[in-house]
Amino acid sequence: MEKVRCLIIGGGPAGYTAAIYAARAALSPVLYEGNEPGGQLTTTTMVENFPGFEGGVDANELMSAMRAQAVRLGADIRRGVVTSADLSDGKHQVTIGNKETIEADALIIATGASAKYLGLPSERKFRGLGVSACATCDGFFYRKKDVAVVGGGDTACEEASYLAGLCRKVYMIVRRDVLRASKAMQQRVMQTPNIEILWNCQTQEVLGDEFGVTGARLQRNDGEVFDIDVDGFFLAIGHHPNSDLFKEWVSVDEAGYIITEGKSSRTCVPGVFAAGDVQDPTYRQAVNAAASGCRAALDAEKYLMGI
Ligand code: NDP
């Protein structure tokens, strides 16, 4: 079995930043990036809110640059999906694919979170062409246009409020006749004149042409089908933290986010650290993920030095 000092799982901003810091600390990090190198950010196009890029930066370029920086500093970045883990009795073992098992002195889990989608073929077709799961990332591209947000929770209300400040009109597509969101968020939405809630509605299809989204076909719960014209279609129906492989050992909250100790990245298993969206239900921004990757590498370094 291969043994490494510092193993990082996840090729998003948290994982790559952890690799940059761990490499500079001479921890010889090995990082496994799964099927989506670059992480969630690569599902968007232009990133305009990552500090340091006056005119914004292409999301794929940003992630390629982080990756290249980690490699230049000595990180060993490999492609492979972790299929199981064993963190029992002080072990830090993960299996890649269906055979190769690696043991690490320190393990950093940076597997991210996945936005939930409705699962419609048309939604998949227009992903990045008007369909987005991140208003903060992509809202800016719909200034003075009409958009829709699916969902009735706090995220949907927050995203709708944010978009209302940029867009001409925001439809909220809510499948019941109530919002799940907190009262304060509900009030905010209700008091925003350019948000219209479409109650008891489900999306049948995202409509579009060769340039991207042009609308959505909705069905009311009483059966009536109607179309709305929108340029952007935002999903806000929740996220799923990618912690399933580890939650037998590390503590997770009721939604599955890994719980870390205070401001550190330490999990309840000594030598196992968590960084990025897999432990952050609140901020979910690339710059936060990068910062927590830094923390995880520093915590791992301290752990390996025995302090
Ligand atoms: P939630 O699970 O709270 O809400 C998801 C929403 O999406 C619900 O309205 C749900 O409808 C709807 N939904 C789910 N699946 C579908 C579907 N297939 N079709 C249509 N609608 C669907 O997720 P959030 O991301 O909003 O929030 C997650 C957690 O984070 C919550 O605890 C929330 O309070 C917290 N949060 C807090 C914030 C804050 O305090 N500022 C900001 C953002 C999140 P239904 O109600 O019918 O199930």
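Everything numeric here is computed off the predicted structure, so don't read it as measured data.

## Things to note about unusual backbone geometry
With a phi close to 55°, Asn200 is a non-glycine residue in the positive phi region. The class for Asn200 is partly exposed, based on a relative accessible area of 28%. The residue Arg284 is not glycine, and still its phi comes out positive at about 50°. Looking at the secondary structure, you find Arg284 in the loop between β19 (272–274) and α7 (286–305). Residue class for Arg284 comes out partly exposed when judged on its relative accessible area of 21%.

## Things to note about the site of the ligand
Taken together, 13 residues sit near the ligand, with Asp154, Thr155, Arg175, Arg176 and Arg180 positioned nearest. The separation between a nitrogen atom of the ligand and a polar side-chain atom of Glu158 is 2.9 Å. Compared with its free state, where it exposes 910 Å², the ligand has 66% of that area covered by protein. Class assignment of the residues belonging to the shell around the ligand gives a composition of 3 nonpolar, 5 polar and 5 charged.

## Remarks on the sheet that holds strand β16 (residues 225–229)
Taken together, the 3 strands give an open sheet; going across it, the order is β14-β15-β16, and neighbouring strands pair in antiparallel fashion. The strands lining the two open edges of the sheet, one partner per strand, are β14 (201–209) and β16. Within the sheet, the average angular offset between the axes of one strand and its neighbour, ignoring direction, is 25°. Pairing between strand β15 (residues 212–220) and β16: 5 bridges, direction antiparallel. Its bridge partner being in β16, Gln219 is matched across the sheet by Val225.

## Points about the nonpolar core
Generally speaking, nonpolar side chains in soluble globular proteins are found buried as a group. If you look at the biggest cluster of nonpolar residues, it comprises 32 residues, and the most contacted ones within it are Ile8, Leu41, Leu62 and Ile108. When residues of this core are traced back to their parent elements, those giving at least two are β1 (2–9), α1 (13–24), α2 (59–72), β8 (100–109) and α7.

## Some thoughts on α7
Helix length check: α7 (20 residues) gives 29 Å between terminal C-alpha atoms against 28 Å at 1.5 Å per residue, within 8%. Taken together, the buried positions of α7 are Ala286, Ala289, Ala290, Ser292, Gly293, Cys294, Ala296, Ala297, Asp299, Ala300 and Leu304. For α7, the elements touching its buried residues are β1, α1, β8 and β19. Phi turns positive one or two residues past the end of α7, at Gly306, with a value near 80°.

## As for the side chain of Glu103
Residue placement: Glu103 occurs in strand β8. Notably, Glu103 is buried but unbridged: the nearest opposite-charge side chain belongs to Lys3, and the N-O separation is 5.6 Å. At 3.5 Å, the side chain of Glu103 and the backbone nitrogen of His92 are in polar contact. Within the structure, Glu103 has its side chain in polar contact with the side chain of Gln93 (distance 2.9 Å).

## Topic: the pairing of strand β13 (residues 195–198)
Relative to β13, strand β12 (residues 169–173) runs parallel, the two being bridged by 4 bridges. Opposite Val170, over in β13, you have Ile195 as the bridge partner. As for the winding sense of the linkage, the β-α-β connection from β12 through helix α6 (residues 183–190) to β13 is right-handed.

## Examining the sheet that holds strand β11 (residues 146–150)
Taken in spatial order, the 5 strands line up as β10-β17-β11-β12-β13 in an open sheet, and their pairing is parallel. Two strands close off the open sheet at either side, each with one partner strand: β10 (131–132) and β13.

## A few points about the packing of aromatic side chains
Under the criterion given, the structure shown has 3 aromatic pairs. Measuring from ring centre to ring centre gives 5.6 Å for Tyr142 and Phe234, while their planes differ by 85°; the resulting arrangement is edge-to-face. With Tyr142 in the loop between α4 (135–138) and β11 and Phe234 in strand β17 (residues 232–235), the pair connects residues that are 92 residues apart, well separated along the chain. The class of Tyr142 is buried, set by a relative accessible area of 12%. Where Phe273 meets Tyr303, the ring centres are 6.0 Å apart and the plane angle is 70°; that geometry is what we call edge-to-face. Here Tyr303 lies in helix α7 and Phe273 lies in strand β19, a separation of 30 residues in the sequence. Phe273 gets classed as buried once you look at its relative accessible area, which sits at 2%. Accessibility expressed as a relative area gives 33% for Tyr303, which makes it partly exposed.

## Some remarks on the pattern of salt bridges
Counted according to the given criterion, the structure contains 11 salt bridges. For Asp146, the salt bridge identified is with Arg168, shortest N-O distance 3.0 Å. On the criterion of sequence distance, the pair formed by Asp146 in strand β11 and Arg168 in the loop between α5 (154–164) and β12 is long-range, its members being 22 residues apart. A residue is classified by how much of its surface remains accessible, and Asp146, at 12% relative accessible area, is buried. According to the relative accessible area criterion, Arg168 is exposed, its value standing at 57%. The network of salt bridges with common partners includes Glu2, Asp76 and Arg78.

Criteria and cut-off values
- Residues numbered from 1 in each chain as written.
- Predicted model: local features only at pLDDT ≥ 70, side-chain atom pairs only at ≥ 80, totals over all residues.
- Heavy atoms only, no water.
- Buried < 20%, exposed > 50% of the residue type's maximum accessible area, 1.4 Å probe, protein only.
- Helix = DSSP H or I, 4+ residues; strand = E, 2+ residues; numbered from the N terminus.
- Near = heavy atom within 4 Å.
- Polar contact = N/O pair within 3.5 Å; in protein donor to acceptor, adjacent residues only side chain to side chain.
- Areas by Shrake-Rupley, 256 points an atom, 1.4 Å probe, with all protein chains shown as cover.
- Nonpolar A, V, L, I, M, F, W, Y, C, P; charged D, E, K, R; others polar.
- Pairing = 2+ DSSP bridges.
- Axes fitted to C-alpha atoms, helices over the stretch in contact; angles between N-to-C directions.
- Core = buried A, V, L, I, M, F, W, Y, C linked by side-chain atoms within 4.5 Å.
- Expected span 1.5 Å × (residues − 1).
- Contact = heavy atoms within 4.5 Å.
- Lys, Arg positive; Asp, Glu negative; His and termini not counted.
- Salt bridge = Lys/Arg side-chain N within 4 Å of Asp/Glu carboxyl O.
- Right-handed = clockwise from strand over helix to strand, strands pointing away.
- Phe/Tyr/Trp six-rings, centres within 6.5 Å; stacked < 30°, edge-to-face > 60°.

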